[in-house]
Amino acid sequence: MFYQWDFAFLLRYTPLFWKGVLVTLAYTAGTIFLGLIIGLLIGLGRLSRSKLLNIPLVAFIEAFRCTPLLVQIVWFYFALPIVLQVELPDWFAAGLGLTLYMGAFATEIFRGGIISIDKGQWQASRALGMTWPELMRNIILPQAIKRMVPPFVNQSIIQLKNTSLLYVVAIPDLMYTGSIIVSDTFRPLEVYTVVAVSYFVILYPLTLYAARLEARVDQ
């Protein structure tokens, strides 16, 4: 027997799907914004020659880059409240792993963009008597940011896809919403097809935008 596809029944779940999309986008935007702030601060700290400062910063980066994000989310959601002996809001505990994960990768993007600037420009700026903040604001960052944008966009695309892991801790994002509808209808093919198409519709324009940015930088 051939499977009889039927998407019509999903129309009554449209508000639930939209809620899932909004939760997904909210977590994506929030964790990217906070992750970029963390990445900027730690990235600037990584430019220091002080080993005392760099050792904990490198430990932070490698801890989040070398462990699975799913494990991080589960740990922050279930284990961190026990360690701190503090009851954390579910939305906060679930998003903390995503935020710090983004921060770890953003750190390396910031640091890589900054150190990619030719050393001659650093030396010339210092010879002109510029202070370090003036050097960063007027010379280094304007050039580095142009190089950082494509990898930031690519990492943001990955971050949006990573939000689908939140379903394991019952955050009502798009993926979790799909699983709820499946348990209610027992129609996984149609439901997860719509979920996949929804992610594609959101992500495909972003991938095209990232490709255009990379082409501009390479020119």
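Residues numbered from 1 in each chain as written. Predicted model: local features only at pLDDT ≥ 70, side-chain atom pairs only at ≥ 80, totals over all residues. Heavy atoms only, no water.

Participant: Looking at this structure, I do not really get the overall build of the protein chain. What am I missing?
Facilitator: Scanning the protein chain from N- to C-terminus turns up eight helices and zero strands. When the helices and strands of the protein chain are read in sequence order from the N terminus, they spell out α-α-α-α-α-α-α-α. Expected size for 219 residues packed as a compact globule is a radius of gyration near 17 Å; at 21 Å, the protein chain overshoots this value by more than 25%. A burial count over the protein chain gives 39% of its 219 residues as buried. By sequence separation, contacts in the protein chain at least 24 residues apart represent 75% of the contacts at least 6 residues apart. Element-wise, carbon and sulfur atoms account for 69% of the exposed surface of the protein chain, whose accessible area totals about 12800 Å². Side-chain charges in the protein chain split into 16 positive and 12 negative, and the spacing between the mean points of these groups amounts to 12 Å. (Helix = DSSP H or I, 4+ residues; strand = E, 2+ residues; numbered from the N terminus. Rg over C-alpha atoms; globule rule 2.2 N^0.38 Å. Buried < 20%, exposed > 50% of the residue type's maximum accessible area, 1.4 Å probe, protein only. Contact = heavy atoms within 4.5 Å. Areas by Shrake-Rupley, 256 points an atom, 1.4 Å probe, with all protein chains shown as cover. Lys, Arg positive; Asp, Glu negative; His and termini not counted. Charge placed at Lys NZ, Arg CZ, Asp CG, Glu CD.)

Participant: Please explain the side chain of threonine 185 as it appears in this structure.
Facilitator: With respect to the secondary-structure elements, threonine 185 resides in helix α7 (residues 174–185). Take threonine 185: its relative accessible area is 14%, and that puts it in the buried class. Apart from the residues within four sequence positions on either side, threonine 185 is in contact with Phe9, Arg12, Tyr13 and Val191.

Participant: Just checking my understanding: could you explain a nonpolar patch on the surface for this structure?
Facilitator: The grouping of Leu70, Val74, Phe78, Tyr167 and Val168 at the surface amounts to a nonpolar patch, some 400 Å² of accessible area in total. Along the chain, tyrosine 167 falls in the loop between α6 (132–162) and α7. (Patch = residues over 30% accessible without salt bridge, like charges linked within 9 Å, V, L, I, M, F, W, Y side chains within 5 Å. Salt bridge = Lys/Arg side-chain N within 4 Å of Asp/Glu carboxyl O.)

Participant: Explain the side chain of threonine 163 to me, please; I cannot follow it from the model alone.
Facilitator: Secondary-structure assignment places threonine 163 in the loop between α6 and α7. What threonine 163 contacts, discounting residues up to four positions off in sequence, is Thr24, Tyr27, Thr28, Leu98 and Asp173.

Participant: Whenever I open this one, the pattern of salt bridges confuses me. Can you help?
Facilitator: It is possible for side chains bearing opposite charge to pair when their charged atoms get close. Scanning the entire structure with this criterion turns up four salt bridges. With a shortest N-O distance of 3.8 Å, arginine 65 and glutamate 108 are connected by a salt bridge. Of this pair, arginine 65 sits in helix α2 (residues 51–65) while glutamate 108 sits in helix α4 (residues 90–115); the two residues are 43 residues apart in sequence, bridging distant segments of the chain. On the basis of relative accessibility, which here comes to 36%, the residue arginine 65 falls in the partly exposed class. Classification of glutamate 108 as partly exposed rests on a relative accessible area of 22%. The residue arginine 111 makes a salt bridge to glutamate 108 at a minimum N-O spacing of 3.2 Å. Of this pair, arginine 111 and glutamate 108 are both found in helix α4, three residues apart, which corresponds to roughly one turn of the helix. Relative accessible area serves as the criterion here: at 21%, arginine 111 is assigned to the partly exposed category. Here the residues in one salt-bridge network are Glu62, Arg65, Glu108 and Arg111, joined through shared partners.

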